[in-house]
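Listed below, chain by chain, are the residues.
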Amino acid sequence: MNGTFTTINEKFCEVVGLPKEIIIGKTINDVQIDSGYIKEWNNAFSSVINNGKVNSFTYRYERKVGSGVVGYYDVTLSPLFDLRKEIIGVIGTNQDITTIIENEKTIKHMAYYDDITDLSRRARFLERLENAIKLSKKKATQVIIVILILTTLKQ
């Protein structure tokens, strides 16, 4: 099994920016230029063929090459069995999770940074402090904390 596309839907064509006629009969190596994506896909594909089990990965992907528009996808490859339980193909699905990833980034930013000043919140400070202490123990150095208290005088 070489991973040749036998059928695809229009949404997949939109994502890769190629018409169905060009994709059918080709492999991921023929229709994709992102070497990281090709590697992930081929590793997952090989795992499905060799183990007969579903394999998934999440990938950051430029939706249409050169567009600069980035999407995030959960890719799932599943074995297709015949009546004798032998693998005769692989079915792939891609779920666009771009909105979920963007929302998670926004929520994380809101948790760690002040809305007005965009300065780090206490939780972020404590996380960084903990990392600095771990690093200082590892390198046998010290951590210095400087606290500045700014006040305004009322007249």
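The paragraphs below set out a description of the structure included in this document. Note that the structure is predicted; figures quoted are calculated from it, not measured.

Moving on: the pairing of strand β3 (residues 87-96). Pairing between strand β2 (residues 70-81) and β3: nine bridges, direction antiparallel. Looking at β3, one finds that F81 is bridged to I87. Hairpin connection from β2 to β3: five residues lie between these consecutive antiparallel strands, with K85 at a positive phi of about 65 degrees.

The residue K20 is located in helix α2 (residues 20-23) in this model. C-alpha separation for the pair K20 and E10, spaced 10 residues apart in sequence, amounts to 7.3 Å.

Let us look at the pattern of salt bridges. Evaluation of the coordinates by the stated rule reveals four salt bridges. The closest approach of N and O atoms between E10 and K20, which form a salt bridge, is 3.8 Å. Separated by 10 residues along the polypeptide, E10 in helix α1 (residues 10-16) and K20 in helix α2 bring together distant segments of the chain. In this structure K20 comes out as partly exposed when scored by relative accessible area, which is 30%.

Tracing the backbone through its elements, the reader meets N55 in strand β1 (residues 55-62). Those residues in contact with N55, other than ones at most four positions away along the chain, are A44, S47, V48, V75, T76 and L77.

With that settled, consider the packing of aromatic side chains. Tallying each qualifying case throughout the model produces five aromatic pairs. A centroid spacing of 5.1 Å and a plane angle of 65 degrees characterise the contact between Y37 and Y59, whose relative ring orientation is edge-to-face. Taken together, the positions of Y37 in helix α4 (residues 35-51) and Y59 in strand β1 put the pair 22 residues apart, joining distant regions of the chain. On the basis of relative accessible area, Y37 is assigned to the buried category, the value being 5%. Y59 sits in the buried class, given a relative accessible area of 15%. Connected via pairs of aromatic rings, a cluster forms that spans F5, F12, Y37, W41, F57 and Y59.

The rules behind the values
- Residues numbered from 1 in each chain as written.
- Predicted model: local features only at pLDDT ≥ 70, side-chain atom pairs only at ≥ 80, totals over all residues.
- Heavy atoms only, no water.
- Pairing = 2+ DSSP bridges.
- Helix = DSSP H or I, 4+ residues; strand = E, 2+ residues; numbered from the N terminus.
- Salt bridge = Lys/Arg side-chain N within 4 Å of Asp/Glu carboxyl O.
- Buried < 20%, exposed > 50% of the residue type's maximum accessible area, 1.4 Å probe, protein only.
- Contact = heavy atoms within 4.5 Å.
- Phe/Tyr/Trp six-rings, centres within 6.5 Å; stacked < 30°, edge-to-face > 60°.

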